[in-house]
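A closer look at the structure
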Amino acid sequence: LAFSALCMSLLIMPGEAEVLTLTPTADTTLVSNSTQGASSKLKASGSQRPLVRFDLASLEAFAGAEIQSAWLELYVEELKDWPAAGRWLGAHRVTQDWSEPTASWSCASGSTVCTSTWSGGSSLATASGTAEHRAGQTGWVRFDVTADLAAFRSQALNFGWMLRASDGATAG
């Protein structure tokens, strides 16, 4: 699964509804023994996990407003080695800081910050939002991350999201 465009869309209320679209400030794919921060595509499979993070400073202008919905949106450009029956993809909130140019499967931020808790990325076990993808399916996919945005506004640290594929009981 390869993604080429990323954004986050937020519906902010009360008063007049306003849609705010953000672009990522960092993205990479975790791969064993390699850094992918310079790649123009993010890839998701059992052994590849994309990370994406957004700067949420623009939300300060809406301090008293309620976020009605927040969606992490990705454009699926191609699917290779994807099962015909489909596979679920989950957006999991990342729990540790990472660096776009140096994050890998083993290290969040280059060789000086390697910890056993990072192996394959450090994220919440439960996905914030999920979407099913089938072989040959391309186009936009959306993950509901409204609860995460509320947590970020309540002082939770924003390290972005990791996409993890799942084949039922076998997490990717």
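These remarks concern the structure in this document. (Residues numbered from 1 in each chain as written. Predicted model: local features only at pLDDT ≥ 70, side-chain atom pairs only at ≥ 80, totals over all residues. Heavy atoms only, no water.)

Next up on the list: the overall build of the protein chain. Each helix and strand counted, the protein chain has one helix and eleven strands in total. Listing the helices and strands of the protein chain from first to last along the sequence gives β-β-β-β-β-β-β-β-β-α-β-β. Taken across its 172 residues, the protein chain has 47% of its residues classed as buried. Pairs at least 24 apart in sequence give 76% of the contacts found in the protein chain among residues at least 6 apart. By element, 50% of the accessible surface of the protein chain is carried by carbon and sulfur atoms, the whole surface being about 8,300 Å². (Helix = DSSP H or I, 4+ residues; strand = E, 2+ residues; numbered from the N terminus. Buried < 20%, exposed > 50% of the residue type's maximum accessible area, 1.4 Å probe, protein only. Contact = heavy atoms within 4.5 Å. Areas by Shrake-Rupley, 256 points an atom, 1.4 Å probe, with all protein chains shown as cover.)

The phi dihedral of Gln 155 is positive, around 85°, even though this residue is not glycine. Residue position: Gln 155 is located in the loop between α1 (146–153) and β10 (161–167).

By the element assignment, Leu 89 lies in strand β7 (residues 87–93). Along the chain, Leu 89 and Glu 132 lie 43 residues apart, while their C-alpha atoms are 6.1 Å from each other.

This part is about the pattern of salt bridges. One side chain can pair with another of opposite charge once the charged atoms of both are near each other. All told, the structure shown has three salt bridges when counted by the stated rule. Here Asp 148 ties to Arg 93 by a salt bridge, and the two come within 3.7 Å at their closest N and O atoms. Here the residue Asp 148 occupies a position in helix α1, and Arg 93 occupies one in strand β7, the gap between them amounting to 55 residues. The buried category is assigned to Asp 148, whose relative accessible area is 6%. (Salt bridge = Lys/Arg side-chain N within 4 Å of Asp/Glu carboxyl O.)

To continue, consider the packing of aromatic side chains. Within the structure shown, the criterion is met by three aromatic pairs. Both rings, one in Phe 54 and one in Trp 161, keep their centres 6.3 Å apart while their planes meet at 65°; by these two values the pair is edge-to-face. A residue pair is termed long-range when its members are at least 10 positions apart, and Phe 54 in the loop between β5 (49–53) and β6 (66–78) and Trp 161 in strand β10 qualify at 107 residues. Between Tyr 75 and Trp 140, the aromatic rings sit 5.4 Å apart at their centres with planes inclined by 75°, giving edge-to-face as the arrangement. Separated by 65 residues along the polypeptide, Tyr 75 in strand β6 and Trp 140 in strand β9 (residues 139–144) bring together distant segments of the chain. Overall, Tyr 75 belongs to the partly exposed group, its relative accessible area being 30%. Members of the aromatic cluster, connected to one another through ring pairs, are Phe 54, Phe 152 and Trp 161. Of note, Arg 53 hangs over the ring of Trp 98, and the distance from its end group to the ring centre comes to 4.3 Å. (Phe/Tyr/Trp six-rings, centres within 6.5 Å; stacked < 30°, edge-to-face > 60°. Lys NZ or Arg CZ within 6 Å of the ring centre and 35° of its normal.)

Nothing here speaks to function; it is all geometry.
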